[in-house]
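Analysis of the macromolecular model
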Amino acid sequence: MKADVQTAVIVPTPPAGHGNETYSALVWRRLKRSWTGMAGLVLVCMLMLITIFAEFFSPVDPKLTGVAFAPPQTISITDQEGNLVWPRTYQVGEGTELDPITFQPIVGPDYANPLDLGFFVKGFQYRFLGLIPTDRHFFGATNGTPVNLLGTDKFGRDVLSRIFHGSRVSLMIALTVVFIVTVVGTTVGMVSGYFGGRFDTWMQRFVELVLAFPQLPLYLALTSLIPVTAPTNVFLAFVIFVMSALGWAQMSREVRGKTLALARIDYVRAAMAIGATDRRIIFQHIFPNVMSHVIVSVTLAIPSVVLLESFLGFLGFAVKPPLMSWGLMLQDTSTYSVIGSYPWILSPVAFVLITVFAFNALGDGLRDAVDPY
Amino acid sequence: MALVDITTLAPEQRHDHAAAIGEPIIDARHVAVKFKVESGLVDAVKDVSFQLYRGETIAVVGESGSGKSVTARTVMGLLTKRATVSDQSSIQYDGKNVLKFSDRQRRALRGNRISMIFQEPMSSLNPVYTIGAQIIEAIRVHQRMSRAEARERTLELLRQVQIPDPESRINQYPHQLSGGQRQRIMIAMALANSPDVLIADEPTTALDVTVQAQILNLIRDLQKTLGMAVILITHDLTVVRQFSDYVYVMQNGEVKEHNTTLALFENPQHPYTRHLLNSEPKGRANPMPMDSAAILEGRDVRVSFMLKAGGFFKPQLKELVAVDSLSIKLHRHETLGLVGESGSGKTTFGQALVKLMRADGGEILFDGQPIQDKTREEMRPLRSRMQVVFQDPFSSLNPRMSVGQIIEEGLVVNKLGATRNERLERVREALNSAGLPNNILSRFPHEFSGGQRQRIAIARAVALEPEFILLDEPTSALDLSVQAQIIELLRKLQDEKGLSYLFISHDLKVVRALCHRVVVMQHGKIVEEGPVEDVLTHPKTAYTERLVRAAFEVAA
């Protein structure tokens, strides 16, 4: 009979290909099945590359001024006579004629001087990754003349290059805020949910207080507290602090709920039965199981911070020049006549949209992938 | 109208001479269902044929994963979108192939000519409607009837399923009824349009043992009076034996054997059927050594919960006494059964005894040492000596930890074993003694079946070399044949390691196979206790007698 017991247990051999795989491999396999999730992942990776290597991808020095409100230059593969040529563009220059209504100089392509485009061309000097001095750029005019594919702003600075550089501040704010929110929110949520009792009761009332705050007026009030003369990095740190201080509460709520459910589950009680300490239960049993939820929350929280930054920037409360950010660029669009005449300065909106879509799509894909069991 | 009593026909006659005994009401041939999953297609049902004649009860028996529920859902047309029914399948109802039906034709059939009751009566009733409204709707979907007439019919149905005081019950919500009553409501709803066929998918699995018999008797009586045909899907052989005329045994999506109930139980042909019939828990606990010392003792242990009563303006606390001053004594090498229906407080009592739950009063002695006032910190040195195995092996193993980590954790926490290798050696030993191969350390729980997971949970407990293990319904979430193996394993471990068990269960069959003594609980009180044979053969109280009858006879 004892022999029976032994042989009765046939442990399944893992199916070839994907048996015995780690958690991350399982998540990856399931994420790959989601079309939108993968699209989001690719876009997020591209955004990150552009952000990290902003100088390399920018065709023009973002601080270089030129013709104000120059329209986007088009790329043509034919010359004026219609012959097929190497992709070229024409620099926009101010002519001598004036517009009969606005009396502004008419700007238009300078057909006399075509600029040949190319990849890995020489341009303005910068330090690659802040270390290696170089002047190579991903693309641009072969002779190093500025190319404004998305036009220029009111000071004649290249919009595309400013968007690439601005993504740095916008995404840096988003990532830092989300990082702080996640660390604080997860810790508070897990501690509050696991220990419960009086601490939990008071903590939750405090969380409700934070959640109930009218956030927008508070942002405006707090950011105007800081003197205009303060250095830019202090201002930036302050913006991040305010956004984090108001953002952690939601995350802690979610994590607390999840922890409450997990603390009652049998494997946590089994851990208590073997004499595990609270610390061990939190880190070994609750934290890994809360993590999946947190990862998804993070990817969904990033776009909301990007949106908030662009909104506050538009109102002039987030970042001050000379820093560049998407919100700050959109501040120029606040007058009707400007949007009407120079619609291309709205192009940061497209990048905000892409960022929000990319992170949301990735978050949705992850949500389905992280709980494979 | 049947000239021949079909229930007495042998399989070959039954299937080949259908003409002589009338057409079957449902004739399913070569049903095969595939499910789309991540790694491709899975055959849930490979080749199932069965016939159901008017007025008979057929039972479809099999363990979990055998495809019995999928077969029933195919008949009802209730499969999910991921499922595809193969082309050669045919299910004839009244001479028409229901698999070729349009959605509209199916709806006309479902709940009308063929109806179904499910395992979990709580989740199959809508909590926001009164039971009356739900039955009336079921009637009016299929029949032209005024609201008042439908109400009359509903009252009649409630009387038929023996709901006491139907006039007031009709306006109640599902949560106001007990589990057994809810299942009666489900049956009433299924009968609302006098169906030809009733499919009962594990109708009593979620109910207390004593209620089980009542529900099954009710189905049988209704079948007799209404002349329905019943398909009873179950894993419980006692139920099959008493309530079905004809049995189909399923395994891995195929019918392995079918015969009249009598013949099948007398003379099983297929090895799987024999295996299934043999897996009823049997044997007895091995005799324990005389005059062994007490390991765990509870004296007047009391556990109560404070429930919120009264409204916001008049807050009140109501005390619910879950365990009412109970005393219990467990000796070394002994298995003590703690038996009762759900809500009797047996799990609470067990957890209070190992200090996983706070006791309000009384004394708990472990190995002569009072532990009732010890904090968690002070309990830690004792934890490795007392262990727990939980009921549900799916929630008791952390899905993010490997088998090795799960079992090793107790050793790490209690600082047993000096080096990692030493600990892993003990983990391997524990796996071996739980009847598992020792090369599964890096695998994760989700790769294992329920029985294997329960073995892992047992290995986790055994690895600490405890003296006492609290077994909280360790077998009730498992299939019958797996259950028998786990009982065998627990008995073996007790002999080898001299363990003492406190075994919490509602299943007296398992208790008889494993325990030396038994304590019967009801509403937080002990109603009876004594040696297992005495209590089971000569129960002193009516409650125990009911439990015994429910376990061994079901319908008696």
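1. Observations regarding the overall build of chain B
Helix and strand counts for chain B stand at 20 helices and 21 strands. The C-alpha radius of gyration computed for chain B amounts to 26 Å, which stays within 12% of the reference 24 Å derived for 556 residues, consistent with globular compactness. In terms of overall dimensions, chain B has C-alpha extents of about 75 × 60 × 45 Å along its principal axes. Expressed as a percentage of its 556 residues, the buried residues of chain B come to 46%. Here the contacts in chain B between residues at least 6 apart in sequence split such that 68% fall between residues at least 24 apart.

2. Considering the overall build of chain A
Check the secondary structure of chain A and you find 13 helices and four strands. Computed over the C-alpha atoms, the radius of gyration of chain A is 27 Å, more than 25% above the 21 Å expected from 2.2 N^0.38 for a compact globule of 373 residues. If one aligns the C-alpha atoms of chain A with their principal axes, the spans along those axes are about 100 × 55 × 40 Å. Taking the contacts inside chain A whose residues are at least 6 apart along the sequence as the reference set, 69% of them involve residues at least 24 apart.

3. Points about the domain arrangement of chain B
By domain assignment, chain B separates into domain 1 (114–192) and domain 2 (294–552). In this structure, domain 1 of chain B and domain 2 of chain B have C-alpha centres spaced 39 Å apart.

4. Quick look at helix H5 (residues 159–195) of chain A
With 37 residues, H5 of chain A ought to run about 54 Å at 1.5 Å a step, and its terminal C-alpha atoms sit 52 Å apart, in line with that. Just beyond H5 of chain A, the residue with positive phi is Gly196 of chain A, at close to 60°.

5. With respect to the domain arrangement of chain A
All names here are of chain A. In terms of domains, chain A is made up of domain 1 (42–50 + 162–369) and domain 2 (65–155). Taken together, the contact pairs five residues of domain 1 with seven residues of domain 2. Looking at side-chain class alone, the side of domain 1 that touches domain 2 contains three nonpolar, one polar and one charged residues.

6. Side note on the sheet that holds strand E17 (residues 386–389) of chain B
Residues and elements named next belong to chain B. In spatial order, the strands read E17-E18-E19-E14-E20-E21; together these six strands make up an open sheet with mixed pairing. This sheet does not close on itself; its edge strands, each paired only once, are E17 and strand E21 (525–531). Here the strands of the sheet are splayed against their neighbours by 15° on average, with no regard to which way each runs. In the packing of helix H20 (residues 542–552) onto the sheet, contacts are made with strand E14 (335–339), strand E20 (517–522) and E21, and the angle to E20 comes to roughly 110°.

7. Describing unusual backbone geometry
All names here are of chain B. With a phi angle near 55°, Asp165 is a residue other than glycine that sits in the positive phi range. Although it is not a glycine, Glu202 adopts a positive phi angle of roughly 45°. You can see Glu202 is positioned in the loop between strand E8 (197–201) and helix H8 (209–226). For Glu202, a count of 20 C-beta atoms within 10 Å gives the class buried.

8. Some points on the confidence of the model for chain B
Mean pLDDT over chain B stands at 83; residues scoring 70 or higher make up 94%. For this predicted complex, the interface score ipTM comes out at 0.73, while the overall pTM is 0.75.

Conventions we followed
Residues numbered from 1 in each chain as written. Chains lettered and ligands numbered in written order. Predicted model: local features only at pLDDT ≥ 70, side-chain atom pairs only at ≥ 80, totals over all residues. Helix = DSSP H or I, 4+ residues; strand = E, 2+ residues; numbered from the N terminus. Rg over C-alpha atoms; globule rule 2.2 N^0.38 Å. Buried ≥ 20, exposed ≤ 12 C-beta atoms within 10 Å, placed from the backbone. Contact = placed C-beta atoms within 7 Å. Domains from an automatic or database assignment. Expected span 1.5 Å × (residues − 1). Nonpolar A, V, L, I, M, F, W, Y, C, P; charged D, E, K, R; others polar. Pairing = 2+ DSSP bridges. Axes fitted to C-alpha atoms, helices over the stretch in contact; angles between N-to-C directions. pLDDT = per-residue confidence, 0-100.

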